[in-house]
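Here are the chains, one letter per residue:
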Amino acid sequence: MSVQAKPRKEKTTFYRFFHAARGDSPFKRLLIHLVLIFSCVIAVYPVLRVFSVSIRPGDRLLSTSLAIIPDDASFGNYIRLLTEKDFLLWIWNSLVITMATAIIGVILAATSAYAFSRWKFPGRGPALVFLLTTQMIPAAMLMVPIYIMAARLKLINTYVGLTIAYCVSSVPFSIWILKGYYDTIPVDLEEAAEIDGCSKISAFLRVLLPLSTPALAIVFLFNFMTAWNDFMLARIMLQQENMLTWTLGLQRLQGQFQTQWGMFAAASILVMVPVMSLFLYSSKWLISGLTLGSVKG
Amino acid sequence: MGGLTLESITRSLGQVGTTVLLILVASVVIELLLYLLLGKALRSRYALPFMLLAPAAVGLALLVVYPIGFEVALAFSNMSLKYFRNPTFGLAQGWNNFKTVFTMPVLKQVKFFPIFLHTVLWTTINLVFHVTGGMALALLLNRPMRLRGLYRTLLVFPWAIPQVIACLAWRGEFHFEYGFVNVMLTRLGLTPIKWMTSPSWNFAAICITNIWLGIPFMAVIFLGGLQSIPKDMYEAAEMDGASAWQQFRNITLPLMQPVMTPAIILGTIWTFNNFNVPFFINQNELETSDILVTALFRAAFEYNRYGFSAAFAIVIFAVLFIFAVLYIRTVGGLKGVYE
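What counts and what doesn't
- Residues numbered from 1 in each chain as written.
- Chains lettered and ligands numbered in written order.
- Predicted model: local features only at pLDDT ≥ 70, side-chain atom pairs only at ≥ 80, totals over all residues.
- Contact = placed C-beta atoms within 7 Å.
- Helix = DSSP H or I, 4+ residues; strand = E, 2+ residues; numbered from the N terminus.
- Nonpolar A, V, L, I, M, F, W, Y, C, P; charged D, E, K, R; others polar.
- Buried ≥ 20, exposed ≤ 12 C-beta atoms within 10 Å, placed from the backbone.
- Core = buried A, V, L, I, M, F, W, Y, C linked by C-beta atoms within 7 Å.
- Domains from an automatic or database assignment.

This paragraph deals with the interface of chain A and chain B. Taken together, the contact pairs 94 residues of chain A with 86 residues of chain B. For the side of chain A that touches chain B, the element with the highest residue contribution is helix α5 (residues 87-118) of chain A, accounting for 15 residues. When its residues are assigned to classes, the side of chain A that touches chain B shows 64 nonpolar, 24 polar and six charged.

In structure tokens form, the structure reads like this:
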């Protein structure tokens, strides 16, 4: 495309004039803002509703009022959630499993991606295609064999099977992202380190890894989120009341026959706020990481 | 407090710690074996990369490759809760399983082909709304204006919420009397809708939830693509008298192709395989709202027909595989993968 080759235009007076001339009319700008505000309301309203339900006093949980902050707001639901339910235990279980699996997942992916990025070993192409294909397999498809394997090894109602399964589940995607990132770092840097007496491994540990911190952070976050938000695998692996992760606990709160709406909402807010802050804070990297692999190809 | 006792804390730490230790020991053993075999005995040039790959490869072999093989074996068995310990394997069993998938109801009433068509419909509806909605928001956000950062942050909310919470919250909001959807409808003077019991409205509720969940991802990805299109192109087009639609059609769409294609493929696979939304919103377990993946889950874990569900899973995978092959044919190979 010849247009792209042209040097970028400076913001000359002509440019500004031109833009002012094509600038939208106040009415159009107002319309755009209205559409965006409307979309934002749709995006945020259900979240506000959850918050609103969580601070309603117990006797007014079921109401048709649409006010976000009720007149008689109280933190009763939060207190009952923390005292009557095993909420902290659920969070603790999830946290331990998720942290361990995210760290192992990153280590597995970081080393494999190094091999994929720096060596043209036999079988590399098919292996990469295989990694891509695994993304297509529905998680539910592997549940049956994994459940039966776990049942035979007596791993149901333990964290062992769950932890191993989570470690591996995001490895293919992580390898793709990290390989894409390593590919953008010149090999010369590692070669220079090797001339200075580093081995391949220490060049990897001392040169490549520190340079890849942003990608490693993305992959860690991705692994963390995948395991943290998983419901299906935990649902088939854990049945015992005192072993639940938070997704299972929340589902129990919103059970089929009696919905503990207030406590469910309070629990949702407590889980949601840290996760969402982390997500919104890191969303810029996360997105650059998601597009990295695909754009590079 | 909150069920958090010393005993429960040490139990989870202990179990997870043991697992981590197990993984570490296994990795060390594998690495040593590979080092002795490839490095010392064969003196291979590729000893190091294979050693780097080994732990992940073993993990994937154990949790992806082996289960797939096991699944194929299961599809040729009569395994269920009754025959859990002593299933019989055989070609006749396999034939029977695959025949059942296509001829008998998958759960209680609905057969395979209606669910399949339903899944295709579900994927199409969602993807059309995700792509058009995402594109519309991205176009609106891709212009200099006030409050842009704020809009962007707020619009990403549905993506940022843990999906399980979003689904359960929406399920509550589709409650006949107290959910805000019906409350608003009543205030507008319309009749409230039976979101949970009427099959078609339940499907609509599932679609609404998933559309709400999926638009931000597309919008953010598309916005990234839009921002990389040089502004001069629009100026040049404007000088030549191109209308806004012509600019979109002839500049934006072609230049967005590299961003849109992978996003749409990913979106298709994610929607087709989406479990949480159809599973949670479908509170009354209406079979008419099930898509292939949730039907598979129910057949396996609520009806405990393991052999049958293995056959069912293979059929679902075949469907996805055919889609992928057709797609790759039309796009032209997997060149990008090899570089």
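Moving on from the coordinates now.
Our next topic: unusual backbone geometry. Leaving glycine aside, a negative phi is the common case for residues, and trans is the common case for peptide bonds. In this model, Lys-154 of chain A sits at a positive phi of 60°, which is unusual for a non-glycine residue. Judged by C-beta crowding, with 10 C-beta atoms within 10 Å, Lys-154 of chain A ranks as exposed.

Glancing now at the nonpolar core. Within the largest apolar cluster, 161 residues are counted, with the highest numbers of intra-cluster contacts made by Ala-109 and Leu-178 of chain A together with Leu-296 of chain B. For this core, the element with the most residues is α5 of chain A, which contributes 18 residues. Residues in contact with Leu-178 of chain A, not counting those within four places in the same chain, are Ala-109, Ala-110, Ala-113, Ser-212, Ala-215 and Val-219 of chain A.

So, about helix α13 (residues 292-301) of chain B. Most of α13 of chain B sits out of view: nine of its 10 residues are buried. Looking at α13 of chain B, one finds that the buried residues are Leu-292, Val-293, Thr-294, Ala-295, Leu-296, Phe-297, Arg-298, Ala-299 and Ala-300 of chain B.

This part is about the domain arrangement of chain A. Residue and element names in this part refer to chain A. We note that the domain assignment places domain 1 (2-79) and domain 2 (85-296) within chain A. Listed as interface residues are nine residues of domain 1 and, on the opposing side, seven residues of domain 2. Sorting the residues of the side of domain 1 that touches domain 2 by element identifies α3 (26-54) and α4 (76-84) as the ones contributing at least two each. A per-class count over the side of domain 1 that touches domain 2 returns five nonpolar, three polar and one charged.

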